[in-house]
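Each chain, written out:
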Amino acid sequence: MKSISQRIYEYGIVPVVKLEDAGLAVPLANALMAGGLKCIEVTFRTDAAEQAIRNISQECKDMLVGAGTVLTVGQIERAVAAGARFIVTPGFNPTTAGYCVEHGIPVFPGCSDPASIEAALELGISDLKFFPAEPSGGLPMIRSLCAPYTKVRFMPTGGVNDRNMNEYLSYDKILACGGTWMVKEDLIRERRFDEIERLTRNTVMNMLG
Ligand code: 3PG
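Source: prediction; values computed, not measured.

Asker: Explain the overall build of the protein chain to me, please; I cannot follow it from the model alone.
Answerer: Scanning the protein chain for helices and strands turns up 10 helices and eight strands. Across its three principal directions, the C-alpha atoms of the protein chain cover 45 × 35 × 35 Å. Residue burial in the protein chain is summarised as follows: out of 209 residues, 42% are buried. Considering only intrachain contacts with a sequence separation of at least 6, the fraction spanning at least 24 residues in the protein chain is 59%.

Asker: What should I look at first to understand the site of the ligand in this one?
Answerer: Around the ligand, a shell composed of V16, G68, T69, F131, T157, G158, G159, V160, G178, G179, T180 and W181 is seen. Residue composition of the shell around the ligand, grouped by class: four nonpolar, eight polar and no charged.

Asker: Can you walk me through the nonpolar core in this structure?
Answerer: A general trend in soluble globular proteins is that nonpolar side chains are found buried together. If you look at the biggest cluster of nonpolar residues, it comprises 62 residues, and the most contacted ones within it are L28, V42, I53, A67, I87 and L128. Each residue touching I53, except ones within four places of it in the same chain, is listed here: V42, V65, A67, A79, A82, G83 and A84.

Asker: What exactly am I supposed to notice about the pairing of strand β7 (residues 153-156) here?
Answerer: Every regular strand shows the same layout, with side chains that alternate between the two sheet faces. Neither face of β7 is open: one carries R153 and M155, the other F154 and P156, and all of them are buried. Where strand β6 (residues 127-130) lies against β7, four bridges are found, and the strand directions are parallel. In the sheet register, L128 faces β7, and the bridge partner there is F154. One crossover worth recording links β6 to the parallel β7 by way of helix α7 (residues 138-146), and it is right-handed.

Conventions adopted
- Residues numbered from 1 in each chain as written.
- Predicted model: local features only at pLDDT ≥ 70, side-chain atom pairs only at ≥ 80, totals over all residues.
- Helix = DSSP H or I, 4+ residues; strand = E, 2+ residues; numbered from the N terminus.
- Buried ≥ 20, exposed ≤ 12 C-beta atoms within 10 Å, placed from the backbone.
- Contact = placed C-beta atoms within 7 Å.
- Near = placed C-beta within 6 Å.
- Nonpolar A, V, L, I, M, F, W, Y, C, P; charged D, E, K, R; others polar.
- Core = buried A, V, L, I, M, F, W, Y, C linked by C-beta atoms within 7 Å.
- Pairing = 2+ DSSP bridges.
- Right-handed = clockwise from strand over helix to strand, strands pointing away.

Structure follows, in structure tokens:
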């Protein structure tokens, strides 16, 4: 069976969503799948996150659903119980990262400097989020970090969009790009799922394979 990292690598793009209403989670996931993306990161930035993950995991069996903006072990437990298959944290937190490793939960901690990369490597984690990607130096910074840390791959998010995603994707140390450009909060709130599907399809058509 494919690892979660391998599936994310094959999808190439991870839509990062903030949902205020868990009732919109399934139509949103369906729009992403119709546009060609079978992956979603639901962020714990709202109280609806846990139920949104549960709805997607129960009703959209083909969708790989993960939890993002995870800050505590309690959130990991709730996310996994709701059906999250992977955890993304904005920074490197040894407590949350260590918990995931101990429990065999795929985790992508945010690491954008040598100290946090080394701390992640010490736990055996080498697929990392790079956040916030553009303000942290973008692809030039990732290339510099990959020179000494040859085993590491990055998932950049934060300022990544359909205009710069291919710069990142052309580098072989990029696992996937994450971002909100096809799942903006106003589009979700206004239930513009056709537009989300269109933006997703555009992204999938234009991304480097
Ligand atoms: C994240 O949590 O990964 C980012 O907030 C996504 O950033 P973006 O809105 O710039 O894509």
